[in-house]
Amino acid sequence: MTHLAFDQIPVPDRATKPRRTGVTMMIDWGIPLASQTDIITSQGHLVDKAKIAGGIPRFMPRALLMQKLAAYKAADISTANGGLFTELALAQGTFDALLREMAEVGFASVEVSENLQPLSTMDKTNAVRHAKQSYGLDVLGEVGRKEGEMTDDEIMEDVETYLNAGVSSVYLEANELFDGDSAREGLIRRLADNFPPEVLIFELPVDVIPGITKSIKHKTASQMVATLGTDVNLANLEHDEIYLLECLRLGVAGDTRHAHGAFRLAGIGA
């Protein structure tokens, strides 16, 4: 267990790794290996998952990719690809080749999504089971689309489909949950009320999306923690946002909305 500084200053309890709730997923846009080593050293104890985003694995030297994945594994950080890369392989008919090489280079998980192309219930189920049974990969389902908007009922049904197919967790596409700094609060609460917290991972919007800034992302993360608590699973954190999110999770980030946060428990903002 990592010995933390200033442990005489009490803050709320936080589960240590490995954990299924309070999960933080860091997005990796091709972080150089030396920088990744520094990131793991400084904050790896706070990161549970890392996603090599989009189609980046296709353009990375194989040996380097294997080194990156091995470094994450050594730090007990589970790895996955981005769902768009899986969608491309499914559209091409190269899904089996994708899975084979993902297992060979050391990915722990494959993400199955339909951001750009619709998949039937049978398509999703077959993709999930093939990855698990043929290649021993964990599978993460992603619900939501990059363009357009699914209804609340469609999203609820899609989460059920992925869970029934055997995924370990379901990502909720940020584009479906947030519009700028406003959230579909009713849908978020409905999801939280109907599914175990360990199977839902809420994606935060990333600043490559037009109109999204770090301040909007920070406000969104703060809202999610205030609404669903310390142990909400959150995804798409940049490496320089990990510590700030941890402060939000434990209520020491200058926001007193977190009912069980350190400042609130110290009598500030009650």
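Data block above holds the structure.
Residues numbered from 1 in each chain as written. Predicted model: local features only at pLDDT ≥ 70, side-chain atom pairs only at ≥ 80, totals over all residues. Heavy atoms only, no water.

## Side note on the pattern of salt bridges
Right, on to step 1. Within this structure, the stated rule accounts for 19 salt bridges.
Right, on to step 2. As a salt-bridge pair, Arg62 and Glu101 come within 2.7 Å of each other at their nearest N and O atoms. Here Glu101 lies in helix α4 (residues 95–105) and Arg62 lies in helix α2 (residues 62–74), a separation of 39 residues in the sequence.
Right, on to step 3. You can call Arg62 partly exposed: its relative accessible area is 38%. (Salt bridge = Lys/Arg side-chain N within 4 Å of Asp/Glu carboxyl O. Helix = DSSP H or I, 4+ residues; strand = E, 2+ residues; numbered from the N terminus. Buried < 20%, exposed > 50% of the residue type's maximum accessible area, 1.4 Å probe, protein only.)

## A word on empty space enclosed by the protein
Right, on to step 1. Summed over the entire model, instances satisfying the criterion amount to 1 cavity of 30 Å³ or more.
Right, on to step 2. There is about 50 Å³ of room inside the largest cavity.
Right, on to step 3. A per-element tally of the lining of the largest cavity places helix α9 (residues 214–228) first, with 3 residues.
Right, on to step 4. For the lining of the largest cavity, a count of residues per class yields 4 nonpolar, 3 polar and 2 charged. (1 Å grid on protein atoms, 1.4 Å probe; cavity = no way out; pocket = protein on both sides within 12 Å on 5 of 7 lines; lining within 4 Å. Points joined across faces, edges and corners; volume = space filled by probe spheres on them. Nonpolar A, V, L, I, M, F, W, Y, C, P; charged D, E, K, R; others polar.)

## Observations regarding the pairing of strand β4 (residues 109–112)
Right, on to step 1. In β4, alternate side chains face the same way, and those of Ser109 and Glu111 on one face and Val110 and Val112 on the other are all buried.
Right, on to step 2. Note: β4 against strand β5 (residues 138–143), 4 bridges, orientation parallel. Its bridge partner lying in β5, Val110 is registered against Val139.
Right, on to step 3. Following the chain from β4 across helix α5 (residues 121–135) to the adjacent parallel β5, one finds a crossover that is right-handed. (Pairing = 2+ DSSP bridges. Right-handed = clockwise from strand over helix to strand, strands pointing away.)

## Quick notes on a nonpolar patch on the surface
Right, on to step 1. The grouping of Val11, Val252, Phe263 and Ile268 at the surface amounts to a nonpolar patch, some 290 Å² of accessible area in total.
Right, on to step 2. Within the fold, Val252 resides in the loop between α10 (242–249) and α11 (262–265). (Patch = residues over 30% accessible without salt bridge, like charges linked within 9 Å, V, L, I, M, F, W, Y side chains within 5 Å. Areas by Shrake-Rupley, 256 points an atom, 1.4 Å probe, with all protein chains shown as cover.)

## Examining the environment of Glu160
Right, on to step 1. Considering the arrangement of structural elements, one finds Glu160 in helix α6 (residues 152–165).
Right, on to step 2. The exposure class assigned to Glu160 is partly exposed, which follows from its relative accessible area of 39%.
Right, on to step 3. C-alpha separation for the pair Glu160 and His130, spaced 30 residues apart in sequence, amounts to 18 Å.

## A word on the nonpolar core
Right, on to step 1. By size, the foremost hydrophobic cluster in this structure holds 59 residues, and its most contacted members are Leu172, Leu191, Phe202 and Leu234.
Right, on to step 2. If sequence neighbours within four positions are ignored, Phe202 has contacts with Leu172, Leu177, Ile188, Leu191, Met224, Leu228, Val232, Asn233, Leu234 and Ala235.
Right, on to step 3. Judged by nonpolar contacts, the second largest core, of 6 residues, contains Met25, Leu140, Tyr171 and Ile201. (Core = buried A, V, L, I, M, F, W, Y, C linked by side-chain atoms within 4.5 Å. Contact = heavy atoms within 4.5 Å.)

## A few points about the packing of aromatic side chains
Right, on to step 1. A full pass over the atoms with the stated rule returns 0 aromatic pairs.
Right, on to step 2. In this structure, Lys51 packs its charged tip against the face of Tyr171, placed 4.8 Å from the ring centre. (Phe/Tyr/Trp six-rings, centres within 6.5 Å; stacked < 30°, edge-to-face > 60°. Lys NZ or Arg CZ within 6 Å of the ring centre and 35° of its normal.)

## Points about the layout of surface pockets
Right, on to step 1. Size it by volume and the largest pocket reaches roughly 880 Å³.
Right, on to step 2. In terms of lining, the largest pocket is formed by 24 residues, of which the most central are Leu4, Val11, Leu46, Glu246 and Leu250.
Right, on to step 3. Residue classes in the lining of the largest pocket are distributed as 14 nonpolar, 4 polar and 6 charged.
Right, on to step 4. One number sums up the size of the second largest pocket: a volume of about 370 Å³.
Right, on to step 5. Residue lining of the second largest pocket: 18 residues in total, with Pro57, Arg58, Phe85, Leu98 and Glu101 positioned closest to the centre.
Right, on to step 6. Elements that contribute at least two residues to the lining of the second largest pocket include exactly α2, α3 (83–92) and α4.
Right, on to step 7. Tallying contributions element by element places α4 first for the lining of the second largest pocket, with 5 residues.
Right, on to step 8. Tallied by class, the residues present in the lining of the second largest pocket amount to 12 nonpolar, 3 polar and 3 charged.

## Description of the pairing of strand β2 (residues 49–52)
Right, on to step 1. Here β2 shows no split at all, with Lys49 and Lys51 on one side and Ala50 and Ile52 on the other all buried.
Right, on to step 2. As judged from the 4 bridges shared by strand β1 (residues 24–28) and β2, these two strands associate in the parallel manner. Each bridged residue has a counterpart across the sheet, and for Asp28 the counterpart in β2 is Ile52.
Right, on to step 3. For the segment spanning β1, helix α1 (residues 33–43) and β2, crossover handedness is right-handed.
Right, on to step 4. In this sheet, strand β3 (residues 78–81) lies alongside β2 in parallel orientation, the contact comprising 4 bridges. Considered in β3, the bridge of Ala50 is made with Thr79.

Keep in mind these numbers describe shape, not what the thing actually does.
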